[in-house]
Amino acid sequence: VQLQAYGGGLVQAGGSLKLSCAASGGTFSNYNMGWFRQAPGKEREFVAAISRSGFTTYYADSVKGRFTISRDNAKNALYLQVDGLKPEDTAVYYCATQSWRFESLQTQAALYDDWGQGTLVTVSS
């Protein structure tokens, strides 16, 4: 599956963005999906995940209540609504397909197979 994330940008603290991820080359609805992020000098970290149907979601504690993951299987699209942004949310955000071997949502990057190129979110204070 080929993934392309977009929608990042420069935003002031407290602002919002909607990140999108377009999928192609596979059956999008077969995959649990995730968002990760990587800040400069830091390791890639889990942000949120969503089940194949979209009915189940899971969030990192650091974004819970501020970020919302969703998907539209008819459009082969994954989304991340990011609200209440903080300077520490500054990072490159990646979308990824979870390995088909796992039914439940996973938070480890090593358990995701296909990755998009990332979109940069910069939050100014």
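Further up the page is the structure itself.
The following paragraphs examine the structure supplied in this document.

## Here we look at the packing of aromatic side chains
Evaluated as defined, the whole model comprises six aromatic pairs. Seen from their ring centres, Phe-36 and Tyr-112 are 4.9 Å apart, and the 75° between their planes marks the pair as edge-to-face. Pair noted here: Phe-36 is in strand S4 (residues 33-38) and Tyr-112 is in strand S10 (residues 112-115), with a separation of 76 residues, a long-range link. Accessibility classification places Phe-36 together with Tyr-112 in one group, the buried group. Look at Tyr-112 and Trp-115: their rings are 6.3 Å apart centre to centre, the planes differ by 55°, and that puts the pair in the tilted class. The exposure class of Tyr-112 is buried, given its relative accessible area of 4%. One Lys or Arg, Arg-44, reaches over the ring of Tyr-94 and ends 3.9 Å from the middle of that ring.

## What to know about the sheet that holds strand S8 (residues 77-82)
Sheets are built from strands that pair by backbone hydrogen bonding, the pairs being arranged parallel or antiparallel. Taken in spatial order, the four strands make up an open sheet running S1-S3-S8-S7, and their pairing is antiparallel. Each having just a single partner strand, strand S1 (2-6) and strand S7 (67-72) make up the two edges of the open sheet. Pairs of neighbouring strands in the sheet enclose a mean axial angle of 15°, with direction left out of account. When S7 meets S8, the two strands line up antiparallel, connected through six bridges. From the neighbouring strand, Thr-68 faces S8, where its bridge partner is Gln-81.

Cut-off values and rules
Residues numbered from 1 in each chain as written. Predicted model: local features only at pLDDT ≥ 70, side-chain atom pairs only at ≥ 80, totals over all residues. Heavy atoms only, no water. Phe/Tyr/Trp six-rings, centres within 6.5 Å; stacked < 30°, edge-to-face > 60°. Helix = DSSP H or I, 4+ residues; strand = E, 2+ residues; numbered from the N terminus. Buried < 20%, exposed > 50% of the residue type's maximum accessible area, 1.4 Å probe, protein only. Lys NZ or Arg CZ within 6 Å of the ring centre and 35° of its normal. Pairing = 2+ DSSP bridges. Axes fitted to C-alpha atoms, helices over the stretch in contact; angles between N-to-C directions.

Function cannot be read off these values alone, since they describe shape.
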